[in-house]
Amino acid sequence: MGEAKFYPKSKNVIEYCEDGHYFVNGAFQDFYQKRYFIFDSGILKICNSKKEIMHEITSISSSKNIYEFSHVYICKKDEYCLDWRMDDNTIHMDYKITGPLKNYFINTRLEKI
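What counts as what
- Residues numbered from 1 in each chain as written.
- Predicted model: local features only at pLDDT ≥ 70, side-chain atom pairs only at ≥ 80, totals over all residues.
- Heavy atoms only, no water.
- Helix = DSSP H or I, 4+ residues; strand = E, 2+ residues; numbered from the N terminus.
- Buried < 20%, exposed > 50% of the residue type's maximum accessible area, 1.4 Å probe, protein only.
- Polar contact = N/O pair within 3.5 Å; in protein donor to acceptor, adjacent residues only side chain to side chain.
- Core = buried A, V, L, I, M, F, W, Y, C linked by side-chain atoms within 4.5 Å.
- Contact = heavy atoms within 4.5 Å.
- Pairing = 2+ DSSP bridges.
- Axes fitted to C-alpha atoms, helices over the stretch in contact; angles between N-to-C directions.
- Salt bridge = Lys/Arg side-chain N within 4 Å of Asp/Glu carboxyl O.
- Disulfide = S-S within 2.5 Å.

All right, on to the side chain of Gln-33 then. For Gln-33, the location among the structural elements is in strand 3 (residues 27-40). Taking the relative accessible area as the measure of exposure, Gln-33 reaches 13% and is therefore buried. At 2.8 Å, the side chain of Gln-33 and the side chain of Glu-18 are in polar contact. A distance of 3.0 Å separates the side chain of Gln-33 from the side chain of Arg-35, its partner in a polar contact.

With 16 residues, the main nonpolar core has Ile-46, Phe-69 and Met-93 as its most contacted residues. Of all the secondary structure elements, the ones that give two or more residues to this core are strand 4 (43-47), strand 5 (53-57), strand 7 (66-75), strand 8 (78-86) and strand 9 (90-98). Of the residues forming this core, the biggest block, four residues, is contributed by strand 9. Those residues in contact with Phe-69 that lie beyond four places of it in its chain are Leu-44, Ile-46, Ile-57, Ser-59, Ile-60, Leu-82, Asp-83 and Trp-84.

A few words now on the sheet that holds strand 6 (residues 61-63). With antiparallel pairing, five strands are arranged side by side in an open sheet as 6-7-8-9-10. Edge positions in the sheet fall to strand 6 and strand 10 (104-111), since each has one partner strand and no second. Adjacent strand axes in the sheet meet at a mean angle of 10° when their direction is disregarded. In terms of strand pairing, strand 8 meets strand 9 through eight bridges, oriented antiparallel. Within strand 9, the position partnered with Arg-85 by the bridge is His-92.

Turning our attention to the pattern of salt bridges. One pass over the structure, following the stated rule, counts six salt bridges. Lys-45 is paired through a salt bridge with Asp-40; the nearest N and O atoms lie 3.4 Å apart. Accessibility expressed as a relative area gives 19% for Lys-45, which makes it buried. Under the relative-accessibility criterion, Asp-40 is labelled partly exposed at 31%.

Moving on, we get to the state of the cysteines. Applying the stated criterion across every chain, the model contains zero disulfides. Note on Cys-17: no disulfide assigned, nearest cysteine sulfur contributed by Cys-47 at a separation of 14 Å. With no disulfide partner, Cys-81 has as its closest neighbouring cysteine sulfur the one in Cys-75, 13 Å distant.

Now for the sheet that holds strand 2 (residues 13-24). In spatial order, the strands read 1-2-3-4-5; together these five strands make up an open sheet with antiparallel pairing. On the outer flanks of this sheet lie strand 1 (2-8) and strand 5, each paired with one strand and no other. The mean angle between the axes of side-by-side strands here comes to 20°, regardless of whether they run parallel or antiparallel. In terms of strand pairing, strand 3 meets strand 4 through five bridges, oriented antiparallel.

Put into structure tokens, the structure is as follows:
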């Protein structure tokens, strides 16, 4: 459980901050991440806190105010598979991280309040 906020930084840049905790292996763990969403000439770039590109999405399917895309990002020896879905009230971000260094899922559900 936690909180996520979007901060407009410019006409085409949004800063995303997520802060909270999750329960794993019988204990609560703190969680924090910062991402940047950069909209540039029809391309969505999702960058980490250092503004290094993690995902560069060129094809987003949309219908009836629903936007969806999938993308794979390689970090060192691990593969980050992102599935994204956004509608008028919710955002779903599902990561499947696999490889020799990491092996887990991150399922994020955000609801507009």
